[in-house]
Amino acid sequence: MKRIYIALLPCGFVWLISSCEIPYDIRVTKGYDHYVVDGSITNLPGPYIIKLTHSAAYSVKSEGSNYPVRFATVCIIDDSIKDHPQFLCELGDGKYRTDSLFRAIPGHSYSLYIQTVNGIELMSYPEQMPPVPEAIITHNEFVDETIFHPEGHKVWITLTDVPNVKNYYQWTYQGVYLFSTGIYSSGDILRPHPSACWMYEYFYFDFNLESDRLFDGQTFDRDITVVPYFSASPYLLTIYTRSL
């Protein structure tokens, strides 16, 4: 009897919950259309991609993805040489690209101008590109595995913030190392034949952002990543510091 009672209790509990369900019809109204601009520029050589889309309504069946804006005129304006804007060429799917020689200059201010095929004009406020601190030192040490990171080489940097300026920083990085395949195919026969190859690892999705609100004008350390690499061949890690 005890076993039967325990088995029936969950069934009765589920029955009570289901009897209280009241269907609710959510009527989603059509949202407002907004232009969405996604892209960035730096002082490194281009090209750079600017993506222009229309915001979509709440996802219902096939809806939910932003719609690309085609055939627009897109250009980047340097406020110091407004008569020579950088026009972007359309690649399709709402993407527009600068030429490969374009790069921004620290200290200059830039605006983005867009004119759609319907004649709608959009223009951003000028944004100045701040300089990046020049005195940057990198460090690394081998660390054990924790709940926060794997076992590997911990890498961090030391830099000095510009005083009396509101700065925002972002860090991205990429790695590359050499490895050997060791096998080479000749027809249907596998023969040993070492071959050197390069493996590139890209890490552009870490949320490495920082404000200088707590260390304005001071020298500070910033953890970048832990690289779980254990081979005897060298590993090259390139760190990009961006001043936003």
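Here goes a summary of the coordinates provided. (Residues numbered from 1 in each chain as written. Predicted model: local features only at pLDDT ≥ 70, side-chain atom pairs only at ≥ 80, totals over all residues. Heavy atoms only, no water.)

**Quick look at the overall build of the chain**
Then, in step 1: Summing up its helical and strand segments, the chain has 1 helix and 19 strands in all.
Then, in step 2: The 244 residues of the chain split such that 25% are buried.
Then, in step 3: At a minimum sequence separation of 6, the contacts of the chain that also span at least 24 residues come to 58%. (Helix = DSSP H or I, 4+ residues; strand = E, 2+ residues; numbered from the N terminus. Buried < 20%, exposed > 50% of the residue type's maximum accessible area, 1.4 Å probe, protein only. Contact = heavy atoms within 4.5 Å.)

**Some points on the pairing of strand 2 (residues 49-54)**
Then, in step 1: For strand 1 (residues 35-38) and strand 2, the ladder comprises 4 bridges, and the chain directions are antiparallel. Bridging from a neighbouring strand, Val 37 pairs with Leu 52 of strand 2.
Then, in step 2: In this sheet, strand 7 (residues 95-97) lies alongside strand 2 in antiparallel orientation, the contact comprising 3 bridges. Directly across from Ile 50, in strand 7, lies its bridge partner Tyr 96.
Then, in step 3: As defined by bridge partners, strand 2 adjoins strand 3 (residues 67-68) across 2 bridges and the pair is classed as antiparallel. Looking at the pairing, His 54 lines up with Tyr 67 of strand 3. (Pairing = 2+ DSSP bridges.)

**Topic: a nonpolar patch on the surface**
Then, in step 1: There is a patch of nonpolar side chains on the surface, built from Tyr 168, Phe 207, Leu 209 and Leu 244 and spanning about 440 Å² of accessible area.
Then, in step 2: Topologically, Tyr 168 is positioned in strand 13 (residues 168-180). (Patch = residues over 30% accessible without salt bridge, like charges linked within 9 Å, V, L, I, M, F, W, Y side chains within 5 Å. Areas by Shrake-Rupley, 256 points an atom, 1.4 Å probe, with all protein chains shown as cover. Salt bridge = Lys/Arg side-chain N within 4 Å of Asp/Glu carboxyl O.)

**Observations concerning the packing of aromatic side chains**
Then, in step 1: Taken as a whole and judged by the stated rule, the model has 9 aromatic pairs.
Then, in step 2: A centroid spacing of 6.2 Å and a plane angle of 45° characterise the contact between Tyr 169 and Phe 220, whose relative ring orientation is tilted. Placement of the pair is Tyr 169 in strand 13 and Phe 220 in strand 18 (residues 219-227), with a sequence separation of 51 residues.
Then, in step 3: A relative accessible area of 0% means that Tyr 169 is categorised as buried.
Then, in step 4: Aromatic side chains Tyr 177 and Tyr 229 sit 5.1 Å apart centroid to centroid with 50° between the ring planes, which places their arrangement in the tilted category. Of this pair, Tyr 177 sits in strand 13 while Tyr 229 is found in the loop between strand 18 and strand 19 (235-243), placing the two residues 52 residues apart along the sequence.
Then, in step 5: For Tyr 177, a relative accessible area of 17% gives the class buried.
Then, in step 6: Through a chain of ring-to-ring contacts, the aromatic side chains of Tyr 169, Trp 171, Phe 215 and Phe 220 assemble into a single cluster.
Then, in step 7: Positioned above the aromatic ring of Phe 71, the side-chain terminus of Arg 70 is 4.7 Å from the ring centre.
Then, in step 8: Residue placement shows Lys 154 over the ring face of Trp 156; its charged tip is 5.5 Å from the ring centre. (Phe/Tyr/Trp six-rings, centres within 6.5 Å; stacked < 30°, edge-to-face > 60°. Lys NZ or Arg CZ within 6 Å of the ring centre and 35° of its normal.)

**Remarks on the sheet that holds strand 18**
Picture the strands of a sheet paired through backbone hydrogen bonds; they go either parallel or antiparallel.
Then, in step 1: Pairing within the open sheet is antiparallel, and its 3 strands lie in the order 11-12-18. Each edge of the sheet is formed by a strand with only one pairing partner; in this case those strands are strand 11 (136-143) and strand 18. Geometrically, the sheet is characterised by an average inter-axis angle of 25° between neighbouring strands, direction not taken into account.
Then, in step 2: Pairing geometry for strand 11 and strand 12 (residues 152-160), over 8 bridges, is antiparallel. Note that in strand 12 the partner of Glu 141 across the bridge is Lys 154. (Axes fitted to C-alpha atoms, helices over the stretch in contact; angles between N-to-C directions.)

**Describing the side chain of Thr 241**
Then, in step 1: Topologically, Thr 241 is positioned in strand 19.
Then, in step 2: The class for Thr 241 is buried, based on a relative accessible area of 17%.
Then, in step 3: Within the local environment of Thr 241, its side chain forms a polar contact with the side chain of Trp 171, the two groups lying 3.0 Å apart.
Then, in step 4: Once residues lying within four places of it in the same chain are set aside, the contact partners of Thr 241 are Val 132, Ile 136, Ile 157, Tyr 169, Gln 170 and Trp 171. (Polar contact = N/O pair within 3.5 Å; in protein donor to acceptor, adjacent residues only side chain to side chain.)

**Considerations on the nonpolar core**
Taken as a class, soluble globular proteins show a tendency for nonpolar side chains to be buried jointly.
Then, in step 1: With 15 residues, the main nonpolar core has Ala 72 and Val 74 as its most contacted residues.
Then, in step 2: If you list the elements that add at least two residues to this core, you get strand 2, strand 4 (73-78) and strand 8 (109-115).
Then, in step 3: The biggest single contributor to this core is strand 8, with 3 residues.
Then, in step 4: Non-local contacts of Val 74, meaning those with residues more than four positions away in its chain, are made with Gln 86, Phe 87, Leu 88, Tyr 96, Leu 112, Tyr 113 and Ile 114.
Then, in step 5: Grouped together as the second largest cluster of nonpolar side chains are 8 residues, Ile 157, Tyr 169, Trp 171 and Tyr 173 included. (Core = buried A, V, L, I, M, F, W, Y, C linked by side-chain atoms within 4.5 Å.)

**Considering unusual backbone geometry**
Then, in step 1: Residue Gly 46 is joined to Pro 47 through a cis peptide bond whose omega torsion reads 5°.
Then, in step 2: With respect to the element layout, Pro 47 can be found in the loop between strand 1 and strand 2.
Then, in step 3: Of note, Phe 71 is a non-glycine position whose phi angle comes to about 60°, a positive value.
Then, in step 4: Inspection of the secondary structure puts Phe 71 in the loop between strand 3 and strand 4.
Then, in step 5: Here Phe 71 falls in the exposed class, since its relative accessible area comes to 56%.
Then, in step 6: Phi at Asn 164 is positive, roughly 60°, even though this residue is not glycine.
Then, in step 7: Inspection of the secondary structure puts Asn 164 in the loop between strand 12 and strand 13.

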